[in-house]
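Listed here are the chains, written in short residue letters.
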Amino acid sequence: MTMQQKEHPESEEIYVCRCEEVTLEEIREWIDRGYDTVEELKRVLRVGMGPCQGRGCQDILMREIAKKTGKSITEIEPATVRPPAKPVRIGLLAEEGEK
Amino acid sequence: MTEWKNTADIVVIGGGIIGVSTAYYLALNGMKNIVLIEKGTICGGSTGRCGAGIRAQWGTEMNCRLGIAALDIFEQLDQELGMSVGLNQGGYLLVAYNEKELETLRKGMELQNSLGIKSRQINLQEAREICPGLAAEDAVGFFFHGRDGHADPFLTTFAYLEAAKRLGVVCHRHTTCTGILVENNEVRGVETDRGTIHAPVVINCAGAYAQFIARMAGIEIPNWAERHEIMITEPVAPGVCPCMLMSFSGNYYIQQRPHGSIICGMSPAGHPEDFENRSTWQFIEEMSKTLVRLLPRTKGIRIARQWSGLYDMTPDAQPIIGETDVKNFYHSTGYSGHGFMLAPVAGKILAQHIAGKTPDIDFSMLDYRRFARGEHIRESNVV
Ligand SMILES: Cc1cc2nc3c(=O)[nH]c(=O)nc-3n(C[C@H](O)[C@H](O)[C@H](O)COP(=O)(O)OP(=O)(O)OC[C@H]3O[C@@H](n4cnc5c(N)ncnc54)[C@H](O)[C@@H]3O)c2cc1C
């Protein structure tokens, strides 16, 4: 076993996005294929598209892109923020409208 | 970063599903030196914002022919492109709320059946077997086609892109077309913010922006852009809405994705034509009311995200495909809210034509000059 494998043994995958179960390895693989923006990684892997909307993973994603492309983290565009800020129940909204 | 060359054999403008699939089929048909330019990132336009429904239940013969041919391609696309496109064929269940609509849909079904599309009229009980928990008591009729469904718009576009790249297509992102070079009424290439690309063939696949690209070559098309809103819920257990539930007069489409989220949309009153992808509170409120009315068990499900995108409309809601008054300058645009599903066949037939082959479907009637000639009949089956 090489050092590399010891650090990231295949059986122990590192999940960057827990909502959509996306691993660090998948992210690195797609950045290498040229998908080096947050928007494109989101579209191809669904990373950051779960209920938490990327709160847990966007920073890691941006850091990986910066590392691989040699850009500074400030040059990496974050994903578009979409409403609602927190998941809302459909029933609640439907009732609101009745008033 | 891909190497920049100032010549190409063909330039495709637009990195949505239409541009990407067209580039792929051009390469597949033996064309060389194809360059695709996209002002932002791939799938950043309407394609990445769409509902990604696929259906053959249309009201005009041309849309039916394109729809069923596209389904044939989608069904073997994973193998062809070597990557999953997330196709899920849960069928489309169309809901009619009045006699006039019922009649229109019935006529559509007869046309579809005559073209080999096996759509059928069903009753409320059958509709509930397909879509458990459906509470559409106020509906007057239902139509169903089991081969309809949806695919993942991102994966489909990226699968085409990766396959196109393997065939030698060069893709320049972050490259904006700023002008079309025309000499003696023939296209000569494109100007971009990164330099000029000389090319004897140029294809305009700029979606809602195609009208502006056309104008750069002195061509007017009667297209306009409408904003449409859409939202998605958190993933929940399957079975909430396994088919695409859609109504034209009811103004909605709803479907649960294999991944568990429910995606749904309706058209805001007035269809803002401001090119802004804004989302409104009124939309999620209206959409929530519709959901609870139709599928009461969605009440406790939470909305994760809402957004909007542009429909690239034409006066008859059928696309514009073909050469323009400027020789070798082509359009493939005006998909009027159904360009995702038509992309496989649209890309294929235009590529066949440009490669000098006989296209699988004769698309000469989709010429943009039909509007000036007053020869267009409007598609009825649209939201
Ligand atoms: C809310 C919503 C729901 C929808 N639902 C469905 C559905 O269920 N089924 C379906 O089939 N269709 C649906 N559609 C329609 C579908 O999204 C479009 O018809 C389709 O994506 C059109 O693809 P396109 O490649 O022509 O356009 P786009 O994806 O918009 O691609 C055009 C590209 O051109 C680029 N571009 C523009 N100007 C320039 C320039 N000057 N230089 C370089 N590049 C430029 C843009 O950045 C863009 O990426 C829906 C659309 C919306 C908005």
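Here the structure is shown first, and the text comes after it.
Let us look at the structure shown here. (Residues numbered from 1 in each chain as written. Chains lettered and ligands numbered in written order. Predicted model: local features only at pLDDT ≥ 70, side-chain atom pairs only at ≥ 80, totals over all residues. Heavy atoms only, no water.)

**Focus on the overall build of chain A**
Working step 1: Helices and strands together make up the secondary structure of chain A, namely five helices and three strands.
Working step 2: Counting from the amino terminus, helix and strand elements in chain A follow one another as α-β-β-α-α-α-β-α.
Working step 3: Burial status across chain A gives 41% buried among its 99 residues.
Working step 4: Counting contacts in chain A only where the partners sit at least 6 residues apart, residues at least 24 apart contribute 49% of the total.
Working step 5: Accessible surface, chain A as shown: approximately 6200 Å² in total, 48% of it carbon and sulfur. (Helix = DSSP H or I, 4+ residues; strand = E, 2+ residues; numbered from the N terminus. Buried < 20%, exposed > 50% of the residue type's maximum accessible area, 1.4 Å probe, protein only. Contact = heavy atoms within 4.5 Å. Areas by Shrake-Rupley, 256 points an atom, 1.4 Å probe, with all protein chains shown as cover.)

**Here we look at the overall build of chain B**
Working step 1: The helix and strand tally for chain B stands at ten helices and 19 strands.
Working step 2: Expected size for 383 residues packed as a compact globule is a radius of gyration near 21 Å; at 20 Å, chain B falls within 12% of this value.
Working step 3: A fraction of 75% describes how many contacts in chain B between residues 6 or more apart in sequence connect residues 24 or more apart.
Working step 4: Total accessible area on chain B is roughly 14100 Å²; 51% of this is exposed by carbon and sulfur atoms. (Rg over C-alpha atoms; globule rule 2.2 N^0.38 Å.)

**What to know about the interface of chain B and chain A**
The extent of an interface is frequently quoted as the accessible surface area lost upon association of the parts.
Working step 1: Contacts between chain B and chain A engage 36 residues on the former and 28 residues on the latter.
Working step 2: In this assembly, chain B packs against chain A so that about 2800 Å² is buried in total across both faces, 60% of it on carbon and sulfur atoms.
Working step 3: Our count for the chain B to chain A interface comes out at two salt bridges.
Working step 4: In this structure, B:Arg173 engages A:Glu40 in a salt bridge whose closest nitrogen and oxygen atoms are separated by 2.4 Å.
Working step 5: The interface formed by chain B and chain A holds 14 residue pairs in polar contact (both at pLDDT 80 or more) in total.
Working step 6: Elements that contribute at least two residues to the side of chain B that touches chain A include exactly α6 (153-166), α8 (281-294) and β17 (302-313) of chain B. (Buried area = accessible area lost by both parts, 1.4 Å probe. Salt bridge = Lys/Arg side-chain N within 4 Å of Asp/Glu carboxyl O. Polar contact = N/O pair within 3.5 Å; in protein donor to acceptor, adjacent residues only side chain to side chain.)

**Quick notes on helix α1 (residues 17-28) of chain B**
Each full turn of the α-helix corresponds to 3.6 residues, which orients residues three or four apart in the same direction.
Residue and element names in this part refer to chain B.
Working step 1: Here α1 spans 16 Å end to end across twelve residues, near enough to the 16 Å set by a 1.5 Å rise per residue.
Working step 2: Burial analysis of α1 places eleven of its twelve residues in the buried class, which makes it a mostly covered element.
Working step 3: Those residues of α1 not exposed but buried are Ile 17, Ile 18, Gly 19, Val 20, Ser 21, Thr 22, Ala 23, Tyr 24, Tyr 25, Leu 26 and Ala 27.
Working step 4: With its phi angle positive at about 90°, Gly 30 sits one or two positions after the end of α1. (Expected span 1.5 Å × (residues − 1).)

**Looking at the sheet that holds strand β3 (residues 88-89) of chain A**
Working step 1: Strands sit in the order β3(A)-β17(B)-β13(B)-β16(B)-β15(B)-β14(B)-β4(B)-β6(B)-β5(B) across an open sheet of nine strands; the sheet is mixed. Two strands close off the open sheet at either side, each with one partner strand: β3 of chain A together with β5 (120-122) of chain B.
Working step 2: In this structure, strand β13 (residues 224-233) of chain B lies alongside strand β16 (residues 262-266) of chain B, joined through four bridges in antiparallel fashion. Residue pairing across strands places B:Ile230 opposite B:Gly265, the latter belonging to β16(B).
Working step 3: Sitting on the sheet, α8(B) touches β13, β14 (244-247), β15 (252-256), β16 and β17 of chain B, and the angle it makes with β16(B) is about 115°. (Pairing = 2+ DSSP bridges. Axes fitted to C-alpha atoms, helices over the stretch in contact; angles between N-to-C directions.)

**Some thoughts on the packing of aromatic side chains**
Working step 1: This structure, assessed with the given rule, holds ten aromatic pairs over all chains.
Working step 2: Ring geometry for A:Trp30 versus A:Tyr35: centroids 5.0 Å apart, planes at 90°, classification edge-to-face.
Working step 3: For A:Trp30, a relative accessible area of 10% translates into the label buried.
Working step 4: With a centroid separation of 5.8 Å and 45° between ring planes, the pair formed by B:Phe74 and B:Phe340 is classed as tilted. Remark: B:Phe340 occurs in helix α9 (residues 339-354) and B:Phe74 occurs in helix α2 (residues 61-74); sequence separation between them is 266 residues. The same class applies to B:Phe74 and to B:Phe340, which are both buried.
Working step 5: A connected cluster of aromatic rings, assembled from ring pairs, spans A:Trp30, A:Tyr35 and B:Phe158. (Phe/Tyr/Trp six-rings, centres within 6.5 Å; stacked < 30°, edge-to-face > 60°.)

**Comments concerning the site of the ligand**
Residues and elements named next belong to chain B.
Working step 1: Taken together, 37 residues sit near the ligand, with Glu 38, Thr 47, Gly 53, Cys 177 and Met 341 positioned nearest.
Working step 2: Note that a nitrogen atom of the ligand is positioned 3.1 Å from one of the backbone N or O atoms of Gly 337.
Working step 3: In the model, an oxygen atom of the ligand is placed 3.1 Å from a nitrogen or oxygen of the Phe 340 main chain.
Working step 4: Relative to its unbound accessible area of 990 Å², the ligand is 96% covered by the protein chains.
Working step 5: Broken down by secondary-structure element, the contributors of at least two residues to the shell around the ligand are α1, β13, β17 and α9. (Near = heavy atom within 4 Å.)

**Some remarks on the packing of α1(B) against α9(B)**
All names here are of chain B.
Working step 1: Where α1 meets α9, the axes come as close as 8 Å, and the angle between the chain directions of the two elements is 35°. Crossing hand, α1 versus α9: right-handed. Here α1 contributes Ile 17, Ile 18, Ser 21, Thr 22, Tyr 25 and Leu 26 to the contact with α9, which in turn contributes Gly 339, Phe 340, Ala 343, Pro 344, Gly 347, Lys 348, Leu 350, Ala 351 and Ile 354.
Working step 2: For the contact of α1 with α9, the residue count by class is ten nonpolar, four polar and one charged. (Left-handed = near helix turned anticlockwise from the far one by under 90°. Nonpolar A, V, L, I, M, F, W, Y, C, P; charged D, E, K, R; others polar.)

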